[in-house]
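Observations on the model geometry
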Amino acid sequence: METLSENTCFGGVQGVYKHASDCCNCDMTFAVYLPPQAKTQKVPVLWFLSGLTCTHENAMTKAAAQGWAAEAGIALIFSDTSPRGEYVANDDAYDLGQGAGFYVNATQDPWAPHFQMWDYITSELPDLIFENFPLLADAQGITGHSMGGHGALTMALTLPQQYKSVSAFAPIANPTKSDWGRKQFAAYLGSDEVTWEAHDATILMAKHGFPTPILIDQGTSDNFLELLMPEAFKNAMDDRQQSGEFRMQEGYDHSYFFITSFVKDHVMHHAKILKET
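Okay, so let's go over this structure. (Residues numbered from 1 in each chain as written. Predicted model: local features only at pLDDT ≥ 70, side-chain atom pairs only at ≥ 80, totals over all residues. Heavy atoms only, no water.)

1. Some remarks on the overall build of the protein
- The secondary structure content of the protein amounts to 9 helices and 9 strands.
- Since a compact globule built from 277 residues should have a radius of gyration of about 19 Å, the 17 Å found for the protein is in line with a globular shape.
- Along the longest, intermediate and shortest principal axes, the C-alpha atoms of the protein span 50 × 45 × 35 Å.
- In the protein, buried positions account for 60% of the 277 residues.
- Considering only contacts in the protein between residues 6 or more positions apart, those separated by 24 or more positions represent 72%.
- A total accessible area of about 11100 Å² is found for the protein, and carbon and sulfur atoms account for 48% of it.
- Separation between the mean location of the 16 positive side-chain charges and that of the 33 negative ones in the protein comes to 7 Å. (Helix = DSSP H or I, 4+ residues; strand = E, 2+ residues; numbered from the N terminus. Rg over C-alpha atoms; globule rule 2.2 N^0.38 Å. Buried < 20%, exposed > 50% of the residue type's maximum accessible area, 1.4 Å probe, protein only. Contact = heavy atoms within 4.5 Å. Areas by Shrake-Rupley, 256 points an atom, 1.4 Å probe, with all protein chains shown as cover. Lys, Arg positive; Asp, Glu negative; His and termini not counted. Charge placed at Lys NZ, Arg CZ, Asp CG, Glu CD.)

Next comes the structure, spelled out in structure tokens:
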């Protein structure tokens, strides 16, 4: 693991690091925010998965989460959204290829040799992080925005023993029914739509639910509402009587201005649950 930068931030440290990923068969960059409490003890962890076209840097610099994480005493992990590099497959469209990994393990060429983002986020990167930072492996939460909200929900709903808390900002909520999902799943996973269902948060909610309260924020002025399909996930939560909140925020769009407006609520949502584990 190579340290690219470290900066003091709200009494803690915001670092950016790089390592050679076996899962993705390329170098991967990620960021870790350690709150000041990590100087003397291990702290809980909140993963933030970003959306289409993003890297680790977008949420790290725009979400304004570090101050609240320092107050709550939890660490933040900002991962990349896909493998990258000259020899990594790509596409001219912004919603496929580099920057658009969709947090799945690709089985189809030319994506399969590198696009193993499910295993990278849920296994390889945690192993590296818990080996190198003072973090509590049994107190992990996960959140994300848009494509990253899709990743956060599907990972938490599939691995509730690993993620004790989950939330999302404007998640791609029903990708098997949306052009943000069907296109990518066909490319990465192939034509068998049954295999897609393991990566659809609405289907997973209907099947499994989640053991702790879920927090979802969605802006009413989001110009991607038809692609995100928030009503499908809300209906699945209601049908299952899932504890938590699905909040439609009047006038908010899909931007980081929306995220910064409610990120305190999300950090504190996770901190409360993680500190009770």
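2. Concerning the environment of L34
- Position of L34 among the secondary structure elements: in strand 3 (residues 26–34).
- A relative accessible area of 15% means that L34 is categorised as buried.
- In contact with L34, not counting residues within four places along its chain, are G12, V13, A75, F133, P134 and L135.

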